[in-house]
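Examination of the molecular architecture
What follows is each chain in one-letter form.
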Amino acid sequence: MATDNLEFPVLVPGEVAADTAHAAAPSAPVRGRSQKRQRLVSRVVLWILLAAVSLVMVTPFAWMVFTAVRSPVELAEVNPPFFPRTWHFENFVRALQAAPFHIYARNSFIIGASQVVTTMLFGASAGYALAKLRFRAAPWIFAWLLATMMIPFYAIVIPDFLLARFMPLFGGNDIFGQGGQGWIDSWWALLVPGMVSAFSIFLLRQFYVTTPTELIEAARIDGLSEPRIWAQIITPQIKPGLLTVALLAFEGGWNNFLWPLLVTTSENLRVIQVGLSVFRQESNTQWDLLMAGTTLSALPMIVLFVIFQRYFVNGFVNSGIK
Amino acid sequence: MINRRQLLAAAGIAGVGVSAAACSAGGAKPAASGAKPTATGELKGSLNLITPEFAGTEGKADLEDGILKKFTQKNPGVTFQVDYVPWDKLNEKLSTQIAGGTPSDLMMMGMGWTAPFAQKKVFAPLDESVLGDAKVPKLLLDNAKYNGKLYAVPLLLESRPFIYRKDLLGKIGIADPNRKTVDEFTQMLKEIKTKTGKVPLDMLASSLRQVWGQMTFAFGGTQFSDDGMKCYFNSDQAVKALEWMVMLQKEGLSDVNQRVATGQPGSYQKGENLLGWQSSSVWPTFSKQSPELIKDENLGMVLCPTADGSKKILYQGGTLVGLSTRSKSPDAALAVMQYMLSNDALVAASKSTGKVPANSNIAKGTDLGGNKILDFCQQNLDASVTDGGTPAWMEIRGKMDPIVEGAVLGTKTVKQAIDELQKMAEESIARVK
């Protein structure tokens, strides 16, 4: 890490701040050499540690890509080589031909994109209200939202399904939710339940809490309405939070598997994760094709993360979650 | 500790109960004595079919453009909406559909699932005339019954014979590993172990629940009473079956620790064993990855012997189809069931899925896709056995493996494991009474 040219010195772990070093040093040349050596050792240790952690994190992804291009014979080997002996890129084509992935990818993208928009809109407005607007029920509502995060999805999937199934005036249902199939096998069931999440409200509330209330008060004195204060004054202050929530919302929509499987029957409404299950049969998994499909389905998320990683990490750090 | 599958199953069971109560409110009502296919009149209706088979573009084409199209050509008034669901999420999908009161007209599911769904009145009783000319092995038909009535039709089977390496066994002087009794089979395994030093049999690395199920039959027992409300896990035969499995592990004749992740090459495929308890569906994998294993000179197949030597047995997993009590077109649905059990439809389904047709009427030599393990199993359907047979099976089956594994690995005694299994099963059955 090159810190020498920076206007403000940046400390790395193991470095000693200049003012602290002054108090303890015996003599200038010895102290200088010792500090340089310490700094070098710390950096080497840090780089080795980071490289090792990165390797651990990257290896499964590398293995996924390499498995995607292996031959069937190599897949059956007891100790296959890390790098494939022959690269079978046609596995990607075979994987794409095994199911209508263009439909599945389109649907997953629509779900992910719509969840980004709705989660940012509803999550930000609810988060702002809980953080900055004074009303008696705020702590109770916040506690209730936190409590809902502690209930696993599997425990509420059937009640959720029943809500979608008996939705009045949809899918042939009457006003009492009878007679038809409600939202089942429709875009409504795919989109509406994921429009906002308790976690996104919680995350954005944490960001809004850190913004200066004085700005809001000044805007009120200047005569701005509450929605304009939220949209034009305060929300622009929490861009890292918005990006974090957007990425998580897209990831949630893109990777959603069980809910779309349960509420759809038409192939035109199936999503990419359901499509990948084609390669896992009862007693036979086509690892080459499964990994090829998984590699392709992971690409959008990897690209988004690479572009927005700085904001994403900052988002978690600033919200106090990390 | 409850896992998420059990959590959903519990919620599903509650939902199914509610739905079952609501079933009387709507949908067609097939006769209580059993729904019969009617030959007269034009069939009409839009049928929903849920299936864990025929996944992917090719499978979909095989089913919809092949098998079902032949039916709709003769019955143009019938249309299909097919819902493809992977096996590992089928229970969740069926449970939510049923809880929501929107079960598919025709539901494909696994062996042993019939009684739980029939008991909840999700499946309509069927008249045995739905079988048409098909000859389904009695024990498989019994597994599709509840309280003496037929509720589902077995279609495709995943059979588990013993397959063996002719070449390797030949080298140690064993030309034919077919043995009359379990004891003789065990002696042969010991002989192989002595001569080669290898673990002879790849069996305990499979689902231990299924191994125990098969061996309970091999020792002359059964797992449940005819009505499924009594459990015989603590019968002498079931105890002997578990003791046999423990002995296999202790003597190094088979090894739980050879288990691999799904899809990874198993120890038989890797050449570590000379015999394997393998499914007919390993054929496509072997043909791609280890073609030398399926050459005639290397591959042999035998059935499992029984303790008294009176017969041979063949474990069957499989896919059945049931008719929803809420189907609005039961006549059309019944006609489809009967058609799917016909030779033509089953042969096509078998070629597409690599599974054994559950109809022993299919003539020897019929082309089933060149899978020799499948052909062998097809010719031995009369030896079929399978586990399950209680309305509480969906809950019981998920809890069996860890307990049986505890006994096999020696972390608990056979008696402790048997007591635990019996108690668990009795409690599960009590909940569905």
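Residues numbered from 1 in each chain as written. Chains lettered and ligands numbered in written order. Predicted model: local features only at pLDDT ≥ 70, side-chain atom pairs only at ≥ 80, totals over all residues. Heavy atoms only, no water.

1. Structural notes on the packing of helix α8 (residues 208–218) of chain B against helix α9 (residues 236–250) of chain B
All names here are of chain B. Interhelical geometry of α8 versus α9 gives an angle of 125 degrees and a closest axis separation of 8 Å. The angle between α8 and α9 places the two elements in the oblique class. Like other packed secondary-structure pairs, α8 and α9 cross with a definite hand, here right-handed. Contact with α8, carried on its side by L208, V211, W212, M215 and T216, involves Q237, A238, A241, L242, W244 and M245 of α9 and no other residues of that element. Residues belonging to the contact of α8 with α9 are distributed by class as follows: 9 nonpolar, 2 polar and no charged. (Axes fitted to C-alpha atoms, helices over the stretch in contact; angles between N-to-C directions. Helix = DSSP H or I, 4+ residues; strand = E, 2+ residues; numbered from the N terminus. Parallel < 35°, antiparallel > 145°, perpendicular 65-115°, else oblique. Left-handed = near helix turned anticlockwise from the far one by under 90°. Contact = heavy atoms within 4.5 Å. Nonpolar A, V, L, I, M, F, W, Y, C, P; charged D, E, K, R; others polar.)

2. Here we look at the domain arrangement of chain B
Residues and elements named next belong to chain B. Partitioning chain B into domains gives domain 1 (35–157 + 316–385) and domain 2 (160–314 + 393–432). One C-alpha centre belongs to domain 1, the other to domain 2; they are set 28 Å apart. With 24 residues of domain 1 at the interface, the matching set in domain 2 holds 23 residues. Of all residues in domain 1, I373, F376 and V385 give up the largest surface area on contact with domain 2, accounting jointly for 30% of the area buried on that side. Counting every contact that joins domain 1 to domain 2 gives 1 salt bridge. One salt bridge in this structure joins D296 and K372, with 2.8 Å as the shortest N-O distance. At the boundary of domain 1 and domain 2, one finds 5 residue pairs in polar contact (both at pLDDT 80 or more). Those elements that place two or more of their residues in the side of domain 1 that touches domain 2 are α4 (114–119), α13 (372–378) and β14 (384–385). The element best represented in the side of domain 1 that touches domain 2 is α13, accounting for 5 residues. (Domains from an automatic or database assignment. Buried area = accessible area lost by both parts, 1.4 Å probe. Salt bridge = Lys/Arg side-chain N within 4 Å of Asp/Glu carboxyl O. Polar contact = N/O pair within 3.5 Å; in protein donor to acceptor, adjacent residues only side chain to side chain.)

3. Structural notes on the confidence of the model for chain A
Residue and element names in this part refer to chain A. Per-residue confidence for chain A averages 87 on the pLDDT scale, and 89% of its residues sit at or above 70. Ranking the elements of chain A by mean pLDDT puts helix α1 (residues 18–24) last, at 50, and helix α8 (residues 187–191) first, at 97. The low-confidence segment residues 1–18, where pLDDT is below 50, has 16 contacts with residues more than four positions distant or belonging to other chains. (pLDDT = per-residue confidence, 0-100.)

4. Topic: helix α12 (residues 239–255) of chain A
Between its terminal C-alpha atoms α12(A) stretches 24 Å, which fits the 24 Å expected from 17 residues at 1.5 Å a residue. Looking at α12(A), one finds that the buried residues are A:G241, A:L242, A:T244, A:V245, A:A246, A:L247, A:A249, A:F250, A:G253 and A:W254. (Expected span 1.5 Å × (residues − 1). Buried < 20%, exposed > 50% of the residue type's maximum accessible area, 1.4 Å probe, protein only.)

5. Digging into the packing of aromatic side chains
Within this structure, the stated rule accounts for 28 aromatic pairs over all chains. Between A:F82 and A:F83, the ring centres sit 5.1 Å apart and the planes meet at 90 degrees, which makes this aromatic pair edge-to-face. With relative accessibility at 52%, the residue A:F83 sits in the exposed group. Taken together, the ring pairs connect A:W63, A:F66, A:F82, A:F83, A:W87 and A:F89 into an aromatic cluster. Above the plane of the ring of A:W63 lies A:R70, whose end atom (NZ or CZ) is 4.7 Å from the centre. When the ring centre of B:W277 is taken as origin, the NZ or CZ atom of B:R160, which lies over that ring, is 5.0 Å away. (Phe/Tyr/Trp six-rings, centres within 6.5 Å; stacked < 30°, edge-to-face > 60°. Lys NZ or Arg CZ within 6 Å of the ring centre and 35° of its normal.)

6. A short note on the interface of chain B and chain A
Across the contact, 41 residues belong to chain B and 39 residues belong to chain A. Interface area for chain B against chain A, summed over the two sides, is near 3,200 Å², with a carbon-plus-sulfur share of 58%. Among the salt bridges present, the one from A:R270 reaches B:D83, with a minimum N-O distance of 2.5 Å. Applying the counting criterion to the chain B and chain A interface returns 9 residue pairs in polar contact (both at pLDDT 80 or more). If you list the elements that add at least two residues to the side of chain B that touches chain A, you get α1 (4–23), α2 (56–74), β2 (78–84), α3 (90–99) and α10 (283–289) of chain B. Here the residues of the side of chain B that touches chain A sort into 12 nonpolar, 18 polar and 11 charged.

7. Observations regarding the pattern of salt bridges
Tallied over the entire structure, the rule returns 24 salt bridges over all chains. Note that B:E128 and B:K145 form a salt bridge whose closest N and O atoms lie 3.0 Å from each other. Remark: B:K145 occurs in strand β4 (residues 145–146) and B:E128 occurs in the loop between α4 and α5 (138–143); sequence separation between them is 17 residues. Overall, the relative accessible area of 39% leaves B:E128 in the partly exposed class. The exposure class assigned to B:K145 is partly exposed, which follows from its relative accessible area of 22%. Residue B:E420 is joined to B:K412 by a salt bridge in which the shortest nitrogen-to-oxygen separation is 2.9 Å. Take B:E420: its relative accessible area is 35%, and that puts it in the partly exposed class. Sharing partners across several salt bridges, the network here consists of A:R70, A:E74, A:E77 and A:R85.

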